[in-house]
Amino acid sequence: MANIIDGKALSAAIKDEVRSEVASAEAKYGRKPCLCVIIVGENPASQVYVRNKVKAAAYTGMESMLIELPASTSQEELLGRLRELNEDPCVDGILVQLPLPDHIDEEKVIDTIAPEKDVDGFHAANVAGLWLGKDCVVPCTPAGIMRLIDSTGISLSGKNAVVVGRSNIVGKPVAKLLLDRNATVTIAHSRTADLAAVTRLADVLVVAVGRAGLITGDMVKPGAVVIDVGMNRNAEGKLCGDVDFESCEKTASWITPVPGGVGPMTIAMLMKNTLHCFRNREK
Ligand code: GUN
């Protein structure tokens with residue numbers, strides 16, 4: 001039976017660490033870091049995520065601002081708001097919750113955020129920084145996944161890491177972070193010919209596709225570390241991951257639950273990124 005990786009506990013410890021760093025930063029610089037979160041429209045899942053982000057900022061002692069815009073907001077209006085926030089000296093971090101309504105070009109929005117305030121690490125300048133190994137903002141979910149893997153005490157050097165999913169938010173950046181730790185990295189996706197044959201080679205398996213129960217126990221190498229990034233609702237409306245927990249926990253050595261695994265870590269790393277942006281701006 002696998003050990004459970006407790007993302008909720010690890011996230012709480014990181015938020016406590018940020019809370020004490022925020023207090024020292026305030027004493028040193030005479031102001032608190034400020035995170036601005038923007039949501040456009042009324043996607044219920046996004047509303048929960050942004051509320052949790054603002055709540056976490058308050059817990060760590062940061063200032064926060066929640067801007068709720070109607071779904072009818074034009075792209076130009078949103079870009080105008082972002083340009084104002086870029087110029088606002090009191091704002092250290094800007095996050096636009098995705099997905100956006102169809103009439104708004106996400107790429108344009110992301111690239112309008114000043115890279116030094118891009119706490120998601122999605123701006124092209126930060127993506128380039130990540131791939132070139134420069135100091136940059138690392139996307140929250142991938143950074144949180146690395147902390148979860150590190151908490152097992154297992155070294156990644158020389159191991160086979162398989163990432164299932166190739167999104168810009170999770171799959172691609174986490175593959176680069178695993179590569180930086182000297183893992184041999186494979187990215188699998190919806191067109192991978194024999195997914196089970198690939199996942200069975202993984203010492204570390206990261207799954208981020210958004211398909212409930214895609215990974216079953218027979219697809220997991222005995223002793224593997226399994227990280228489930230999925231957040232799906234099953235037929236009964238219950239939150240579940242991309243990994244079939246019941247069958248996989250019999251084969252894996254370590255596994256993240258859903259909820260209580262990757263989700264809380266994303267928010268903890270967002271707090272760290274906001275503090276990072278604040279410090280860089282104060283430098
Ligand atoms: N939607 C799903 N995940 C994320 C995230 O990490 N950041 C933002 N801004 N939107 C998201």
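Residues numbered from 1 in each chain as written. Predicted model: local features only at pLDDT ≥ 70, side-chain atom pairs only at ≥ 80, totals over all residues. Heavy atoms only, no water.

### Quick look at the overall build of the chain
Alright, step 1. Across its full length, the chain carries 10 helices and 11 strands.
Alright, step 2. Taken over C-alpha atoms, the radius of gyration comes to 19 Å for the chain, in line with the 19 Å a tight globule of 283 residues would show.
Alright, step 3. Taking the principal axes of the C-alpha coordinates as reference, the chain spans close to 50 × 40 × 35 Å.
Alright, step 4. Looking at the chain residue by residue over its 283 residues, the buried ones come to 49%.
Alright, step 5. In the form shown here, the chain has an accessible surface area of approximately 13,000 Å², with 52% of it arising from carbon and sulfur atoms.
Alright, step 6. Within the chain, the 35 negative side-chain charges are centred at a point lying 4 Å from the centre of the 31 positive side-chain charges. (Helix = DSSP H or I, 4+ residues; strand = E, 2+ residues; numbered from the N terminus. Rg over C-alpha atoms; globule rule 2.2 N^0.38 Å. Buried < 20%, exposed > 50% of the residue type's maximum accessible area, 1.4 Å probe, protein only. Areas by Shrake-Rupley, 256 points an atom, 1.4 Å probe, with all protein chains shown as cover. Lys, Arg positive; Asp, Glu negative; His and termini not counted. Charge placed at Lys NZ, Arg CZ, Asp CG, Glu CD.)

### Some remarks on the layout of surface pockets
Alright, step 1. The computed volume of the second largest pocket comes to approximately 350 Å³.
Alright, step 2. Lining the second largest pocket are 18 residues, with I110, F122, V127, N168 and I169 positioned closest to its centre.
Alright, step 3. Looking at the lining of the second largest pocket, the elements with two or more residues in it are α4 (106-112), α5 (124-132) and α7 (171-180).
Alright, step 4. Per-element tally for the lining of the second largest pocket: the top contributor is α5, with five residues.
Alright, step 5. Here the lining of the second largest pocket is composed, by residue class, of 10 nonpolar, four polar and four charged. (1 Å grid on protein atoms, 1.4 Å probe; cavity = no way out; pocket = protein on both sides within 12 Å on 5 of 7 lines; lining within 4 Å. Points joined across faces, edges and corners; volume = space filled by probe spheres on them. Nonpolar A, V, L, I, M, F, W, Y, C, P; charged D, E, K, R; others polar.)

### With respect to helix α1 (residues 7-29)
For an α-helix the count is 3.6 residues per turn, leaving residues at separations of three or four pointing the same way.
Alright, step 1. Across its 23 residues, α1 extends 32 Å between first and last C-alpha, which sits within 8% of the 33 Å expected from 1.5 Å per residue.
Alright, step 2. Among the residues making up α1, those that are buried are G7, S11, I14, V18, V22 and A25.
Alright, step 3. Considering only its buried residues, α1 is in contact with α2 (44-60), α6 (140-150) and α10 (262-282).
Alright, step 4. Within two residues after α1, G30 carries a phi angle of roughly 75°, on the positive side. (Expected span 1.5 Å × (residues − 1). Contact = heavy atoms within 4.5 Å.)

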